[in-house]
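Structural characterization, general
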Amino acid sequence: AAGTGTDLSEVTSGLGNSLKMFGASSSDASKYSDVLAKAQAQANTTTSELCSSISVAGPICKTVGWDVKDLATLTGVFGNAGISGSEGANALKTGLARLASPASEGAKSMDKLGLSTGQTYAIFNENGTLKSMPEVIGNLNKAFSGLTDQEKIEAASNIFGKNQMSKWLTLIQASPEDVSGLRNALDDVTGASNDMATALMSGTGGTIEQLKSTFDVLKVTVGEAVAPAFQKLMENVIGVMNRFMELDPHTQKLITTIAGIAAAIGPLLIVIGKMATGIGA
């Protein structure tokens, strides 16, 4: 949260969700934190966008053997093209499903481009497993490289559908070297989140942020401490209100009248007391 300037509760929720999406344990939290911190720093994306992307496309990426680094890399590629994390993740989820089970026109385009299993730029291995993320993006890039603009749009539309073709063209036309560079940069990121937090939290601004965070924790702690007593008080108040409502209307009116008189007497006694003090002086 400190290293990326993101709300603590948002980061906590997003990190926990990311661990669940990829079947990781709490012992991997530090590794995931470093990956998310580095990924948002090296591309035009944010921690929030990364967490959103993982929430949408995490399950299918885990299913095909791609890890959080692969998804973070693609989210960065989408971000650099101005595509939000959730939009890119939806396109990725839909596109991978279409590559695995293409419609008739999509299958024809894949055969023509050499993307079908057993062909030059195959997306899936002979045993049915999906190739690595860099290989898939690289093969798509090579298969589409010799096409005209019209042919690219037609093929992408046939394979990925009209709604998602533009986003997949963003991935397809991205330089394989750039994609591999972004992906490889996430392999050795130990301590990245801590280093970024240390840098951003130094100086006056960092001290103020720490003060705000400490105050937030204090509010929660105090709230937990007084909650039992407050709950007991509320239960007593509810009990009194229920007993009042069970009384007959005449008694309720009498009690209300007495309460009103008592409320009026208080300020009146204060005024009389001040007058008496003044007269005595």
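These notes cover the structure that comes with them. (Residues numbered from 1 in each chain as written. Predicted model: local features only at pLDDT ≥ 70, side-chain atom pairs only at ≥ 80, totals over all residues. Heavy atoms only, no water.)

Moving on: the pattern of salt bridges. Summed over all chains, the structure comprises five salt bridges. The salt bridge involving Arg183 is made with Asp70; its shortest N-O contact spans 2.8 Å. Residue Arg183 is found in helix α10 (residues 176-184), and its partner Asp70 is found in helix α4 (residues 68-80); the two are separated by 113 residues along the sequence. Among the residues examined, Asp70 registers a relative accessible area of 6% and is labelled buried. The closest approach of N and O atoms between Asp187 and Arg183, which form a salt bridge, is 2.7 Å. Residue classification places Arg183 among the buried residues on the basis of a relative accessible area of 13%. Put simply, Asp67, Lys69, Asp70, Arg183 and Asp187 are held in one network by salt bridges that share partners. (Salt bridge = Lys/Arg side-chain N within 4 Å of Asp/Glu carboxyl O. Helix = DSSP H or I, 4+ residues; strand = E, 2+ residues; numbered from the N terminus. Buried < 20%, exposed > 50% of the residue type's maximum accessible area, 1.4 Å probe, protein only.)

This paragraph deals with the nonpolar core. Of all hydrophobic cores here, the largest spans 52 residues; its most connected members are Trp66, Leu92, Leu99, Leu115, Leu140, Phe144 and Trp168. Not counting residues within four places of it along the chain, the set of residues in contact with Leu99 comprises Met110, Ile123, Phe124, Ile159, Phe160 and Trp168. (Core = buried A, V, L, I, M, F, W, Y, C linked by side-chain atoms within 4.5 Å. Contact = heavy atoms within 4.5 Å.)

What follows covers the layout of surface pockets. If you add up the space inside the second largest pocket, you get close to 180 Å³. Taken together, Glu105, Lys108, Ser109, Lys112, Leu113, Leu147, Glu151, Glu154, Ala155 and Asn158 make up the full set of residues lining the second largest pocket. For the lining of the second largest pocket, the element with the most residues is helix α6 (residues 104-113), which contributes five residues. Among the residues making up the lining of the second largest pocket, the classes are represented as three nonpolar, two polar and five charged. (1 Å grid on protein atoms, 1.4 Å probe; cavity = no way out; pocket = protein on both sides within 12 Å on 5 of 7 lines; lining within 4 Å. Points joined across faces, edges and corners; volume = space filled by probe spheres on them. Nonpolar A, V, L, I, M, F, W, Y, C, P; charged D, E, K, R; others polar.)

Let us look at the side chain of Ser157. Here Ser157 shows up in helix α8 (residues 149-160). A residue is classified by how much of its surface remains accessible, and Ser157, at 14% relative accessible area, is buried.

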